[in-house]
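One letter stands for each residue in the lines below.
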Amino acid sequence: MRFPLKLITCSFALSVASTMTAQSLRPQLIDLNRATVTELMTVSGMTQSWAGRIVRFRPYRTKLDLVDRGVITPDVYRRIRANIIAHRVASASSPTPAKTRDRLNEDTY
């Protein structure tokens, strides 16, 4: 069974267009642990003062830490929660896999 080239091209173009539209409709989540004040200001409902406090009191394990630690009010949290995320940040004190591997290879007698 052979499909006409135009039919294949049109269906491919439609699937690409629908994927791009779905991705563009998703809100861009701003990472609380990595965003600058300027990037935080792109979140709807954010003010310069709140953005500065968020940066100052990092790191966050979850976005709820903002309210639990008193960084922002529950009202502000309700306005911004759909547009933020808190990705975990690697701790400087925890060993990296390479350091752990080196320790395992050390001769300790």
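Note: the structure precedes this text.
Residues numbered from 1 in each chain as written. Predicted model: local features only at pLDDT ≥ 70, side-chain atom pairs only at ≥ 80, totals over all residues. Heavy atoms only, no water.

Draft legend 1. Structural detail: the overall build of the chain. On a plain count of helices and strands, the chain comes out with six helices and two strands. When the elements of the chain are put in sequence order from the N terminus, they spell out α-β-α-α-α-α-β-α. Contacts spanning at least 24 positions in sequence make up 46% of the contacts within the chain whose residues lie at least 6 apart. For the chain, the exposed area adds up to about 8,500 Å²; of that, 59% sits on carbon and sulfur atoms. (Helix = DSSP H or I, 4+ residues; strand = E, 2+ residues; numbered from the N terminus. Contact = heavy atoms within 4.5 Å. Areas by Shrake-Rupley, 256 points an atom, 1.4 Å probe, with all protein chains shown as cover.)

Draft legend 2. Seen up close, the environment of Arg-34. As for its position among the elements, Arg-34 is in the loop between strand S1 (30-31) and helix H2 (37-40). Note: C-alpha distance between Arg-34 and Val-89 (55 residues apart in sequence) is 8.6 Å. In contact with Arg-34, not counting residues within four places along its chain, are Glu-39, Arg-58, His-87, Arg-88 and Val-89. A polar contact is formed between the side chain of Arg-34 and the side chain of Asp-31, at a distance of 2.6 Å. A distance of 3.4 Å separates a polar side-chain atom of Arg-34 from the backbone oxygen of Arg-88. (Polar contact = N/O pair within 3.5 Å; in protein donor to acceptor, adjacent residues only side chain to side chain.)

Draft legend 3. Geometry of the pattern of salt bridges. In total, this model carries two salt bridges according to the counting rule given. Here Arg-34 and Asp-31 are joined by a salt bridge, their closest N and O atoms 2.6 Å apart. The partner of Arg-79 in a salt bridge is Asp-75, and the shortest N-O contact between them spans 3.7 Å. Residue Arg-79 and its partner Asp-75 are both found in helix H5 (residues 74-80); the two are separated by four residues, about one turn of the helix. The class of Asp-75 is partly exposed, set by a relative accessible area of 42%. (Salt bridge = Lys/Arg side-chain N within 4 Å of Asp/Glu carboxyl O. Buried < 20%, exposed > 50% of the residue type's maximum accessible area, 1.4 Å probe, protein only.)

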